[in-house]
There are 2 protein chains.
Amino acid sequence: MTRIGVFGGMGPSASVDFLDKLVKLTPASRDQDHLPVIVASLPHIHDRSSAILGQGKDPLPQLLAGIEMLNKAEVGVIVIPCNSAHHWFDEMSRSSKAPLLHIAKACVAAIAPGSGARVAVLATRGALASGFYQRELLARGIDFLLPDPQGAQIHIDACIREVKAGRLDISAQHLTQACQEVVRQGATTLIMGCTEITIVRRGADVSGMVLIDSSLELARASVAFALARGWNRPGWDS
Amino acid sequence: MTRIGVFGGMGPSASVDFLDKLVKLTPASRDQDHLPVIVASLPHIHDRSSAILGQGKDPLPQLLAGIEMLNKAEVGVIVIPCNSAHHWFDEMSRSSKAPLLHIAKACVAAIAPGSGARVAVLATRGALASGFYQRELLARGIDFLLPDPQGAQIHIDACIREVKAGRLDISAQHLTQACQEVVRQGATTLIMGCTEITIVRRGADVSGMVLIDSSLELARASVAFALARGWNRPGWDS
């Protein structure tokens, strides 16, 4: 039980970005210093956002199958680099022997309460309808706003869709517009609450904005969990 | 059995690079067009090159455990983005229900026989001592040379070691020197026969050289194998 279980494929590029962060965040000078990771990249899982909005098939059976697969591989913790999938976090946690780390908790924990930050959550319409980011921000007394459904959100939707289609340049243009619009709405801190969004961050013009990367925060929480338990020590399977 | 099994972690960065290639090589406009992949990233496996040279612990029991884990996850094919590990290819294949694709076969298949190419194999000393690249090149009648153990190979060793330690700039400098030296030895085509080397290719000065990327060729073979069997079609687990 000394392996990180990553339930990925939602989407595949976001999973690769997350795994890259896991490797870069681990202090290592040779292969054997790194953390064992089992990845179940299952891209055929029904669209999470659409299902939350009642417009698509229920992905829960597929999500539970992925959790079962990772538990069979004897992982000691499970993380899911897909924000929208966290709508089913409680059901997945109940079905899992290994604990799950919540991406929104990891993300909101990176914002100091009382900092006066006004947070905008950039996420799928499904994730926003689910409300897990809002609940976490409220619980920690952090002021927040949601993107205008007829304004910034249209660009967030396009940003995510274009990443999944591999058109990163167009996606970055939409992210730039989305960020500028939520700042106009009064946001001082932007949570990139969709792991696709973080992929095009570098290509977007977000200078001067405070951005919180949900993929990076989940990777930090994962590495901290594993290092605290010594999973980087050689010999576990030698 | 409709999933690609990737036995990774040797090293972790090379595995991330390989997964990125799998995603980019797959024709897709949405998550559900992508290929299901199970990754066992087990970085604690004993150093392959040292073991082949009789200077380290035998990694075979760990390699067979990884193959067993992927078979338990019901993968339909197994690929290993680590060249040196292919010294144990036959033993791993015999123990696996899922077929294994050989990285050297995928790589050498990218060179046209009779092209007059003189190939240099850039790999670990262990992989070269194992001889699987030389056997594959001989079998296909392709002329080749090996890096001077006291010259180019010293830079190849340093290039690989520095990648594993995360020092990409220094690594790229060693790759540049290694490539220039094998070209001086008479090479016209360079096989990057170590998946760490391909990571720093962009940072190296290799202009005018014909390079074959073993990680890319294995990714191409993997995607072709999976697409030919329709593993990208949604519904397999819906």
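A. Spotlight on the packing of helix 1 (residues 12–25) of chain B against helix 10 (residues 214–228) of chain B. All names here are of chain B. It is the contact of helix 1 with helix 10, at a shortest axis distance of 9 Å, that shows an interaxial angle of 45 degrees. The angle between helix 1 and helix 10 places the two elements in the oblique class. You can see that helix 1 and helix 10 cross each other, and the crossing is right-handed. Note on element contacts: helix 10 touches helix 1 through Ser215, Leu216, Leu218, Ala219, Arg220, Ser222 and Val223, opposite Asp17, Phe18, Lys21, Leu22 and Leu25.

B. Region of the structure containing the packing of aromatic side chains. Residues and elements named next belong to chain A. All chains considered together, the criterion is met by 4 aromatic pairs over all chains. Where Phe225 meets Trp231, the ring centres are 5.8 Å apart and the plane angle is 70 degrees; that geometry is what we call edge-to-face. Residue class for Phe225 comes out buried when judged on its relative accessible area of 16%. A cation over a ring is seen here: Arg229 above Phe225, with NZ or CZ 3.5 Å from the ring centre.

C. Region of the structure containing the sheet that holds strand 3 (residues 77–79) of chain A. Across the sheet, which stays open at both edges, the 6 strands sit in the order 3(A)-1(A)-2(A)-2(B)-1(B)-3(B) with mixed pairing between neighbours. The sheet terminates laterally at strand 3 of chain A together with strand 3 (77–79) of chain B, the two strands that pair on one side only. Neighbour to neighbour, the strand axes of the sheet diverge by 20 degrees on average, direction disregarded. With 5 bridges joining them, strand 1 (residues 4–8) of chain B and strand 2 (residues 37–41) of chain B adopt parallel strand pairing. Note on strand 2 of chain B: the bridge partner recorded for B:Gly8 is B:Ser41. In the packing of helix 1 (residues 12–25) of chain A onto the sheet, the strands contacted are strand 1 (4–8), strand 2 (37–41) and strand 3 of chain A, and the crossing angle to strand 1 of chain A comes to about 160 degrees.

D. Main features of the pattern of salt bridges. Counted according to the given criterion, the structure contains 26 salt bridges over all chains. B:Glu68 serves as the salt-bridge partner of B:Lys72, at 3.7 Å between the closest nitrogen and oxygen. Of the two residues, B:Lys72 and B:Glu68 are both situated in helix 3 (residues 60–72); the distance of 4 residues between them amounts to about one turn of the helix. Assessed through its relative accessible area of 65%, B:Lys72 is described here as exposed. Bridged by salt links that share partners, the residues A:Asp31, B:Arg48, B:Lys164 and B:Glu196 form one connected network.

E. Structural view of the interface of chain B and chain A. The partner chain A presents 42 residues to the 42 residues of chain B that form the contact. Summing both sides of the interface, chain B and chain A together bury roughly 3100 Å²; the carbon and sulfur share of this comes to 58%. It is B:Val16, B:Asp31 and B:His44 that lose the most area in chain B upon contact with chain A, and together they represent 23% of the buried surface on that side. Joining chain B to chain A, the criterion identifies 4 salt bridges. As a salt-bridge pair, B:Asp31 and A:Lys164 come within 2.7 Å of each other at their nearest N and O atoms.

F. Layout of the relation of the copies chain B and chain A. The two copies are related by a screw operation: chain B maps onto chain A through 180 degrees of rotation and 0.0 Å of translation along the axis, at an RMSD of 0.0 Å. Expressed as an axis order, the relation between the two copies is that of a two-fold axis. In terms of C-alpha distance to the rotation axis, chain B has B:Val39 as its closest residue, with the C-alpha 2.4 Å off the axis. When you check the interface residues of chain B against chain A, 100% turn up at the interface there too, and the contact is symmetric in its surfaces.

G. A look at the environment of A:Ala226. Residues and elements named next belong to chain A. One can find Ala226 in helix 10 (residues 214–228). Each C-alpha atom, one on Ala226 and one on His87, is 25 Å from the other, the two residues being 139 residues apart in sequence. Contact partners of Ala226, with chain neighbours within four places excluded, come to Ile4, Leu35 and Trp231.

H. Geometry of the domain arrangement of chain A. Residue and element names in this part refer to chain A. On domain assignment, one finds that chain A holds domain 1 (4–102 + 217–228) and domain 2 (104–214). The distance between the C-alpha centroids of domain 1 and domain 2 comes to 20 Å. At the junction of the two partners, domain 1 supplies 20 residues and domain 2 supplies 23 residues. Contact between domain 1 and domain 2 buries roughly 1600 Å² in total, counting both sides, with carbon and sulfur atoms accounting for 54%.

I. How the structure looks around the environment of B:Glu91. Residues and elements named next belong to chain B. The topology assignment puts Glu91 in helix 4 (residues 89–94). On the basis of relative accessible area, Glu91 is assigned to the partly exposed category, the value being 30%. The spatial distance from the C-alpha of Glu91 to the C-alpha of Asp205 is 38 Å, given a sequence separation of 114 residues. If we skip the residues at most four places from it in the chain, Glu91 touches Leu60 and Leu64.

Calculation rules
Residues numbered from 1 in each chain as written. Chains lettered and ligands numbered in written order. Predicted model: local features only at pLDDT ≥ 70, side-chain atom pairs only at ≥ 80, totals over all residues. Heavy atoms only, no water. Axes fitted to C-alpha atoms, helices over the stretch in contact; angles between N-to-C directions. Helix = DSSP H or I, 4+ residues; strand = E, 2+ residues; numbered from the N terminus. Parallel < 35°, antiparallel > 145°, perpendicular 65-115°, else oblique. Left-handed = near helix turned anticlockwise from the far one by under 90°. Contact = heavy atoms within 4.5 Å. Phe/Tyr/Trp six-rings, centres within 6.5 Å; stacked < 30°, edge-to-face > 60°. Buried < 20%, exposed > 50% of the residue type's maximum accessible area, 1.4 Å probe, protein only. Lys NZ or Arg CZ within 6 Å of the ring centre and 35° of its normal. Pairing = 2+ DSSP bridges. Salt bridge = Lys/Arg side-chain N within 4 Å of Asp/Glu carboxyl O. Buried area = accessible area lost by both parts, 1.4 Å probe. Least-squares fit on C-alpha atoms with pLDDT ≥ 70 in both. Domains from an automatic or database assignment.

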